[in-house]
Amino acid sequence: MPMWTLRLEGGPRRVNHAAAAVNHLIFSFGGYCTGDDYARRRPMDVHVFNIETLQWRKLPDVDSKDPSFKCIPFMRYGHSAVAYNDNIYIFGGRNDPDGACNELFCFQTASLKWCLPKPTGDIPPARDGHSVCLVKNKMYIFGGYEDLSQCFSNSIHRLNIDKMKWKRLTCRGNAAYWRDFHSAVAIGQYMFIFGGRSDKNGQWFSDNEFYSNKLEVFDTKSKTWSAPETWKSVPVGRRSHSAFVYCDNMYIFGGYNRVIDEHFNTLHKLDTKTMDWSKVQLQGSLEPCKRRRQCCVTMGSRVVMFGGTSPKPKMQADGTDDDNLQDMNDLFILDFEPSLKTLCQLAVIKYNLDTAVLPKELSARIRLMEDTHGAPLN
């Protein structure tokens, strides 16, 4: 039975950031924080979380005289990140001075350096709020909000990473509706797409938005769209949620529906064989607060969720997002297969048991968990 096993405070306070895992490290790129100065152009920052030590660190700023400085993407939000062969590829996103971007950037995790590939072919228009999936050596970009045409997208572009060549795909079937800030995951040859913000007037934004909970599936081999019927506990449509895969099933967490003005912190599972949705019942006393615009990264049987923005305890009826939302700097670990060691550690913390008789390594680990929680898990 999955459970939230760890809560950490004090990480980077970020919203609409992007992240990917390589080995035991999670690399988090950019995003924004309410109150920071985004009126000027500045290089994207990179924060690294070590799943073994449970610690964050910010990579040092690159000197402007360093040859790699010109390859660093500008600070942005609504971009995407995908890991392939120990490199992480960043695409899209926007900020206030520059608007949206369609350049492809590569972060080399071995050297901690940026480089700027030069892909050819049908380069996608600049956008943010799109989704990205990796299928073998190919990266698929779907949807988002296109900057130049000022409209939602429902096209699919594919990047062959080995050949560095883009192609806009000609697809069969009825394409998924235009949208941004949806989620997409790859399972085998299929992309499973859920949620996002759409407009009743089609691809043009008119503030007449809606949030569909209809599942859309794209077959990357046959280049065919389908919309299979789903059953049972179908979650409410939403945007700015997270999606991830475990044991070939799709999970979604969090998000926001503006029509009903509701944030979420529930976890839903789609069984991709039966197409049944279910609300996952989680064990333990930890539970993240309701939020949107967070990141979720899968590492083996664990999912690391961090950041995002949440409603403040006291909401102003006529307040803006800045008045009523708070940007988060916390991190949670969702464990689908918690080990006996982890369960014992949680029990020691919860019941304030004496650790003097425990092995030094285990005792030190428990003290670290207590320190990072800031309080016992009760």
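Scroll up for the structure.
Procedures and definitions
- Along each chain, residues carry numbers from 1 onward, in the same order as the chain's sequence is written.
- Only residues with pLDDT of 70 or above have their local features reported here, since the model is predicted, and side-chain atom pairs are shown and tallied only from 80 upward, although totals for entire chains, interfaces and linings are computed over all residues.
- Side-chain descriptors were evaluated using all non-hydrogen atoms of the structure, hydrogens and water having been removed beforehand.
- Numbering of helices and strands runs from the N terminus; a helix is a DSSP stretch of H or I covering at least four residues, while a strand is a stretch of E covering at least two.
- Partly exposed residues are those whose accessible area sits between 20% and 50% of the maximum for their type, while under 20% is buried and over 50% is exposed, using a 1.4 Å probe and protein chains only.
- Residue contacts are counted whenever heavy atoms from the two residues lie within 4.5 Å of one another.
- Methods summary: accessible areas were calculated by the Shrake-Rupley approach with a probe of 1.4 Å, and residue burial reflects only the protein chains presented.
- Polar contact criterion, stated in full: a pair of N or O atoms within 3.5 Å, where within protein one must be able to donate a hydrogen and the other to accept it, and residues adjacent in sequence count only if both atoms are side-chain atoms.
- Pairing of aromatic rings covers Phe, Tyr and Trp, the last counted by its six-membered ring, and requires centre-to-centre distances within 6.5 Å; plane angles under 30 degrees mean stacked, over 60 mean edge-to-face, and any other angle means tilted.
- The criterion is that NZ of a Lys, or CZ of an Arg, lies within 6 Å of the ring centre and within 35 degrees of the ring normal, and then a charge sits over that ring.
- To qualify as a nonpolar core, a set must consist of buried Ala, Val, Leu, Ile, Met, Phe, Trp, Tyr and Cys residues joined through side-chain atoms within 4.5 Å.
- Note: two strands are recorded as paired if DSSP finds a minimum of 2 bridges between them.
- For this analysis, a salt bridge means a side-chain nitrogen from Lys or Arg found within 4 Å of a carboxyl oxygen belonging to Asp or Glu.

Focus: the overall build of the chain
Item 1. Regarding its fold elements, the chain presents 3 helices and 37 strands.
Item 2. Here the chain holds 378 residues, and the buried ones make up 54% of them.
Item 3. Counting only contacts in the chain whose residues sit at least 6 apart along the sequence, the fraction spanning at least 24 positions is 58%.
Item 4. Carbon together with sulfur atoms contributes 48% to the accessible area of the chain, which is approximately 17,500 Å² in total.

Examining the environment of Ser-153
Item 1. Structurally, the position occupied by Ser-153 is in the loop between strand E17 (151-152) and strand E18 (156-160).
Item 2. Sequence-wise, Ser-153 and His-130 are 23 residues apart; in three dimensions their C-alpha atoms are separated by 8.5 Å.
Item 3. Not counting the four nearest positions on each side in its chain, Ser-153 is found in contact with Arg-127, Gly-143, Gly-144, Glu-146, Trp-178 and Arg-179.
Item 4. Engagement of the side chain of Ser-153 in a polar contact is seen with the side chain of Glu-146, the distance being 3.3 Å.

Here's the deal with the side chain of Arg-293
Item 1. Here Arg-293 lies in the loop between strand E32 (276-279) and strand E33 (295-299).
Item 2. For Arg-293, a relative accessible area of 14% corresponds to the buried category.
Item 3. Apart from residues lying up to four places away in sequence, Arg-293 is in contact with Val-15, Asn-16, His-17, Tyr-32, Arg-239, Ser-240, Gly-308, Thr-309 and Asp-321.

A closer look at the packing of aromatic side chains
Item 1. Under the defined criterion, the tally for this structure stands at 21 aromatic pairs.
Item 2. Both rings, one in Phe-29 and one in Trp-114, keep their centres 5.6 Å apart while their planes meet at 65°; by these two values the pair is edge-to-face. Taken together, the positions of Phe-29 in strand E3 (residues 25-29) and Trp-114 in strand E11 (residues 113-115) put the pair 85 residues apart, joining distant regions of the chain.
Item 3. A relative accessible area of 7% places Trp-114 in the buried class.
Item 4. An aromatic cluster of three or more residues is present, and its members are Phe-27, Phe-29, Phe-107 and Trp-114.
Item 5. Its guanidinium or amino end placed over the ring of Phe-74, Arg-76 lies 4.0 Å from that ring's centre, counting from NZ or CZ.

With respect to the nonpolar core
Item 1. Counting residues in each nonpolar core, the largest one holds 25 residues, and the members touching the most others are Phe-27, Phe-29, Val-46, Ile-88, Ile-90, Phe-107 and Trp-114.
Item 2. Mapped by element, the contributors of at least two residues to this core are strand E2 (18-22), E3, strand E4 (46-50), strand E7 (87-91) and strand E10 (104-108).
Item 3. Every residue in contact with Phe-27, bar those within four places of it in the chain, is listed here: Ala-18, Ala-19, Ala-20, Val-22, Val-46, His-47, Val-48, Ile-88, Phe-107, Thr-109 and Leu-112.

Quick word on the sheet that holds strand E13 (residues 127-128)
Item 1. The 3 strands lie next to each other as E13-E16-E17, forming an open sheet whose pairing is antiparallel. This sheet does not close on itself; its edge strands, each paired only once, are E13 and E17.
Item 2. For strand E16 (residues 145-146) and E17, the ladder comprises 2 bridges, and the chain directions are antiparallel. From the neighbouring strand, Glu-146 faces E17, where its bridge partner is Cys-151.

A look at the pattern of salt bridges
Item 1. Counted under the stated rule, the structure contains 14 salt bridges.
Item 2. Residue Arg-179 is joined to Glu-216 by a salt bridge in which the shortest nitrogen-to-oxygen separation is 3.9 Å. Within this pair, whereas Arg-179 is found in the loop between strand E19 (165-168) and strand E20 (183-187), its partner Glu-216 is found in strand E24 (residues 216-219), the two being separated by 37 residues in sequence.
Item 3. For Arg-179, a relative accessible area of 2% gives the class buried.
Item 4. Under the relative-accessibility criterion, Glu-216 is labelled buried at 6%.
Item 5. Residues Lys-214 and Glu-216 are paired through a salt bridge, measuring 3.8 Å at the closest nitrogen-oxygen approach.
Item 6. Via salt bridges that share partners, Arg-94, Asp-128 and Asp-147 belong to a single interconnected network.

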